[in-house]
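What the coordinates show
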Amino acid sequence: MEILFEQSPYLWIIGGILFLALEFVFPGTFIMFLGIGGIITGITARLIPMSFTAQVVIWMISTLASLILGGSAVKKLFKSESTVDPFIKDDYLQQIVPVETDILVGQLGGKVRFQGTVWDAISQKERIPKGSQVRILSRDNLTFTVEKISLGD
């Protein structure tokens, strides 16, 4: 056991490098900060002799510090691709489209054709048979909420 404590700085560094390599296998940036904490702990333990418990505390503190400091840097470096475009309009609203597959009340399974693509559709009031015409009321992801139109509409 004594040999393990003597080699622990190198084990921390090797473990940190392994965590950094694992980041490429399991992306998400959290594992990278564990690796940075391990490398910092290994270097610190090599420079200053300390107990294994102190090394674990150093690892936790350095991981947390790298997460806090590095997290904001990573966010600035890799900007989010999720944006809200104010110019995207709800052009699908109130459009009249054909029913491809019977539309059920409050259940997935029905299909409508809109702009050459088949979309999932649900109805809030009534079952709508294939071949009918419906009006699009709203959209939730890839599912339209529709209502049957009468001949007078």
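Described in the following lines is the structure provided in the data block. A quick note: this is a predicted structure, and the numbers were derived from the prediction, not measured. Residue positions within a chain follow its written sequence, with the count starting from 1. The model is predicted, so local features are restricted to residues of pLDDT at least 70 and side-chain atom pairs to those at 80 or more, both for listing and for counting; the totals for chains, interfaces and linings are taken over all residues. With hydrogens and water set aside, each side-chain value is computed from the structure's full complement of heavy atoms.

1. Some thoughts on the overall build of the protein chain
Of regular secondary structure, the protein chain possesses 4 helices and 5 strands. Exposure is judged per residue with a 1.4 Å probe applied to protein chains only, and the accessible area is read against the type maximum: over 50% gives exposed, under 20% gives buried, and values in between give partly exposed. Put simply, the protein chain has 153 residues, and 27% of those count as buried. For the area figures, the Shrake-Rupley method with a 1.4 Å probe applies, and any residue is considered shielded solely by the protein chains shown. Per element, the accessible surface of the protein chain, about 10700 Å² overall, is 65% carbon and sulfur. Helix and strand assignments come from DSSP, with helices taken as H or I runs of at least 4 residues and strands as E runs of at least 2, each series counted from the N terminus.

2. A look at unusual backbone geometry
Despite not being glycine, Gln 115 shows a phi value in the positive range, around 50°. In this fold, Gln 115 is placed in the loop between strand E2 (110-114) and strand E3 (117-123). On the accessibility criterion, Gln 115 (68% relative accessible area) is exposed. Unusually for a residue other than glycine, Asn 141 sits at a positive phi of about 60°. Within the element layout of this structure, Asn 141 appears in the loop between strand E4 (133-140) and strand E5 (143-148).

3. Examining helix H3 (residues 30-47)
A helix is expected to span 1.5 Å multiplied by its residue count minus one. Here H3 is 18 residues long and its end C-alpha atoms lie 26 Å apart, about the 26 Å a rise of 1.5 Å per residue gives. When H3 is considered as a whole, its buried residues turn out to be Ile 31, Phe 33, Leu 34, Gly 35, Gly 37, Gly 38, Thr 41, Gly 42 and Ala 45. In what follows, residue pairs with any heavy atoms lying within 4.5 Å of each other are defined as contacts. Buried positions along H3 lie against helix H2 (8-25) and helix H4 (52-77).

4. Details of the nonpolar core
One recurring pattern in soluble globular proteins is that nonpolar side chains are buried together. Here, the term nonpolar core denotes a set of buried Ala, Val, Leu, Ile, Met, Phe, Trp, Tyr and Cys residues that are joined through side-chain atoms within 4.5 Å. Ile 103, Val 112, Phe 114, Val 134, Ile 136, Phe 144 and Val 146 are the most contacted members of the largest nonpolar core, which totals 13 residues. Within the residue set of this core, elements represented by two or more residues are strand E1 (96-101), E2, E3, E4 and E5. Leave out the neighbours within four places in its chain, and Val 112 touches Val 97, Pro 98, Val 99, Glu 100, Ile 103, Thr 117, Val 118, Trp 119, Ala 121, Val 134 and Phe 144.

5. Focus: the sheet that holds E4
We treat two strands as partners when DSSP finds at least two bridges between them. Spatial strand order, E1-E2-E3-E5-E4: 5 strands in a closed barrel with mixed pairing. Each strand axis lies, on average, 55° off the axis of its neighbour in the sheet, ignoring direction. As paired strands, E2 and E3 are joined by 5 bridges and run antiparallel to one another. Among the inter-strand pairings, Val 112 is bridged to a residue of E3, identified as Trp 119. Axis angles are defined between N-to-C directions and span 0 to 180 degrees, where every axis is a line fitted to C-alpha atoms and, for a helix, only to the segment in contact.

6. So, the packing of H2 against H3
Packing of H2 against H3 leaves a shortest axis separation of 7 Å and a crossing angle of 165°. Here H2 lies roughly antiparallel to H3, going by the angle between them. For the crossing formed where H2 meets H3, the hand is left-handed. Split into classes, the residues belonging to the contact of H2 with H3 amount to 16 nonpolar, 5 polar and 2 charged. Angular relationships are summarised with four words: roughly parallel below 35 degrees, roughly antiparallel beyond 145, roughly perpendicular across 65 to 115, and oblique for the angles in between. The crossing is said to be left-handed when, going from far helix to near helix, the turn is anticlockwise and less than a right angle, and right-handed when the turn is clockwise. By the convention adopted, Pro, Cys, Tyr, Trp, Phe, Met, Ile, Leu, Val and Ala count as nonpolar, Lys, Arg, Asp and Glu as charged, and the other residues, Gly among them, as polar.

7. Quick look at the packing of aromatic side chains
What counts as a ring pair is set by centres within 6.5 Å for rings of Phe, Tyr and Trp (its six-membered ring), and what kind of pair is set by the plane angle: stacked under 30 degrees, edge-to-face over 60, tilted for all other angles. A complete count under the given rule lists 5 aromatic pairs for this structure. Between Trp 12 and Trp 59, the ring centres sit 5.9 Å apart and the planes meet at 35°, which makes this aromatic pair tilted. Of this pair, Trp 12 sits in helix H2 while Trp 59 sits in helix H4; the two residues are 47 residues apart in sequence, bridging distant segments of the chain. Judged by its relative accessible area of 15%, Trp 12 falls in the buried class. Both rings, one in Phe 114 and one in Trp 119, keep their centres 6.4 Å apart while their planes meet at 65°; by these two values the pair is edge-to-face.

Read these as spatial facts, not as claims about activity.
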